[in-house]
Amino acid sequence: MKNLLKKIFLIDLLQGLRVTFRTQHPKNIVTEQYPQQRPMVAERYRGAPRLNINPENGQTLCIACDLCSLACPENLIVVGWERNPETKRKDLVTFTYDTSRCMFCGLCEDACPVDALELTQDFELASYSREGAIFDRQTLEEGIRPTKYRF
Amino acid sequence: MPGTFLDSTELVLNMGPQHPSTHGVLRVIVKLDGERVLGTECVIGYLHRGVEKIAENRTYTMFGPYVDRMDYVAAVSNGLGYCLAVEKLLNAEATPRAQAVRVILTELNRIGSHLLWLGTHALDIGAITPLFYCMREREYTLNIFEKYCGARLTTHAFRIGGLQYETYDGFEKEVLEFCDLFEPKVDEYEELLTGNRIWVERLTSVGILNADDCKAYGVTGPMLRAAGVQWDIRKAMPYSGYDKYDFMVPTRVNGDTYDRYMVRMAEMRQSVRIVRQAVADIPAGPIMAKVPKIIKPPVGEAYVSIEAPKGELGYYIVSDGSTQPYRCRVRPPSFVNLQALDKMARGSLVADLVAVIGTTDIVLGEVDR
């Protein structure tokens, strides 16, 4: 009998609707209005790569040890260096990082012994061409230039 | 006598690979007699990337990120299974602190995976509301992953021998906050669905798979438990310190779609219970066990299976003593559970086929690998 009454008065459906209407309240809105509202990206977020430079003298921190390119599962880092005849050290010449193949696993970052290569909080990596996804040394040091969107 | 177009004949229909309720690129060839399903055949492989072959050309450390991309909804579980397998080869064990953090993250991932399943499954059947609510709560787990390891979906959270990252400040607090917030939300989903007459009508006695069939097909996970078999690898072969935690293995008896729904709902509550216990007692100490930097396991083989959200996830790795695996075979739960689709769907209606595909909780990245 109780069940029948419950069925007739649509108790089960009204119960669900109560939940729906409870969530209607504006304070319960959780959607992020992305381009207007910037998401708070975590500190450890693995986004666009960056080659850090020493803020004091503007020199690169990279010692061209090639460990990142050895650690990379996709083999997408190419480190170009030449031996400095005076200091007998390796000097970084070019650094190419192909983000189109990158899966942002962070293994290169872990492998870097001097904290030169870092995956930053930049997450807007879209570009109009494949070449735009391949970062050279300059892009890596200065950070990515935001794509100008064509509307 | 020649048939006219009014004669009902058997119709072969392709469902997918672009069908929204196949949850990816699954193609099901369905043989229909009117609305009745006479038989189904799955065509898989649209998302095949050859992950097992990639493993043979990568070092053990390098292969870590690839396992996340199999079951991308439960990437943390995949990472755990792989790390445990390599650790078994190396005869190493993660430190107690690492194990506790691993348990927390894996259980959060189980909640996230079940939430995504619940949302999409309900959406397939016609209840759109739960999807939004499930996504809302799943966001909290993803935020914890993001803060912990820097990625939301393909996390690469664990390394062989322990963890790469120490927990962030306020990790315990945030996880506990999520637990407090999440438990009433499960009641909310149940309020929406469990008693709802449409939901009950659509799910009860649909896609029945009894215990014997489950065992014959090798079906594991919530599908097996819904048929009444109390089999959970966390209890049967405890790994990563699961024997320390007190939790139940929820089971049901009928093995139909509704029971599978109930089992998964109960599992989410149990996961919260495990997370609470694990967070309360994270031991101090190092996060990385003493494993060599270049991982070179001795010649041998290891099979480790864990309880992923979808069922038994196994990693079988053969080492030839070099830095790369000789063979890495994955036993994906989705792939095995999908075999039972024909058994479940045969004789049902087309509309129920969607419910049956949804209830198996497949992720095509894992089926095709």
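Let me begin by describing the structure that accompanies this report. Note that the structure is predicted; figures quoted are calculated from it, not measured.

What follows concerns the overall build of chain B. Looking only at helices and strands, chain B features 15 helices and eight strands. On C-alpha atoms alone, chain B measures out to a radius of gyration of 21 Å, which is about the 21 Å that the 2.2 N^0.38 rule sets for 369 residues. Per-residue burial over chain B gives 50% buried out of 369 residues.

This part is about the sheet that holds strand 5 (residues 134-135) of chain A. Residues and elements named next belong to chain A. Strand order in the open sheet formed by three strands is 2-3-5, and the pairing between neighbours is antiparallel. Two strands bound the open sheet, and with one partner strand each, they are strand 2 (77-83) and strand 5. Direction of pairing for strand 3 (residues 90-98) relative to strand 5: antiparallel, over a ladder of two bridges. Across the sheet, the residue bridging to D98 is I134, located in strand 5.

The next subject is the interface of chain B and chain A. Listed by partner, the interface residues are 21 residues for chain B and 18 residues for chain A. Only helix 2 (60-68), helix 5 (129-149) and helix 6 (171-193) of chain B provide two or more residues apiece to the side of chain B that touches chain A. At five residues, helix 5 of chain B tops the list of elements feeding residues into the side of chain B that touches chain A. Residue composition of the side of chain B that touches chain A, by class: six nonpolar, eight polar and seven charged.

Right, let's talk about the pairing of strand 3 of chain A for a bit. Residues and elements named next belong to chain A. Inspection of the sheet shows strand 2 paired to strand 3 by seven bridges, in the antiparallel sense. From the neighbouring strand, R83 faces strand 3, where its bridge partner is K90. What sits between strand 2 and strand 3 in their antiparallel hairpin is a turn of six residues, with K88 showing a positive phi close to 60°.

Reading the values: rules and limits
- Residue numbers here run from 1 along each chain, matching the order of that chain's written sequence.
- Key to labels: chains lettered from A, ligands numbered from 1, both in the order written.
- Only residues with pLDDT of at least 70 get local features here, since the model is predicted, and only at 80 or more are side-chain atom pairs given and counted; chain-wide, interface and lining totals rely on the full set of residues.
- Only DSSP runs of H or I reaching four residues or more are called helices, and only runs of E reaching two or more are called strands; each is numbered from the N terminus.
- Throughout, the radius of gyration refers to the C-alpha atoms, and the reference size of a globule is 2.2 Å times the residue count to the power 0.38.
- Burial in this document is a count-based property: other C-beta atoms within 10 Å of a residue's C-beta are tallied, and the residue is buried at 20 or more, exposed at 12 or fewer, or partly exposed in between, with C-beta positions derived from the backbone.
- Note: two strands are recorded as paired if DSSP finds a minimum of 2 bridges between them.
- It is the C-beta atoms, placed from the backbone, that decide contacts: two residues are in contact if theirs lie within 7 Å.
- Here the nonpolar group is Ala, Val, Leu, Ile, Met, Phe, Trp, Tyr, Cys and Pro; Asp, Glu, Lys and Arg are the charged ones; every other residue, Gly included, is treated as polar.

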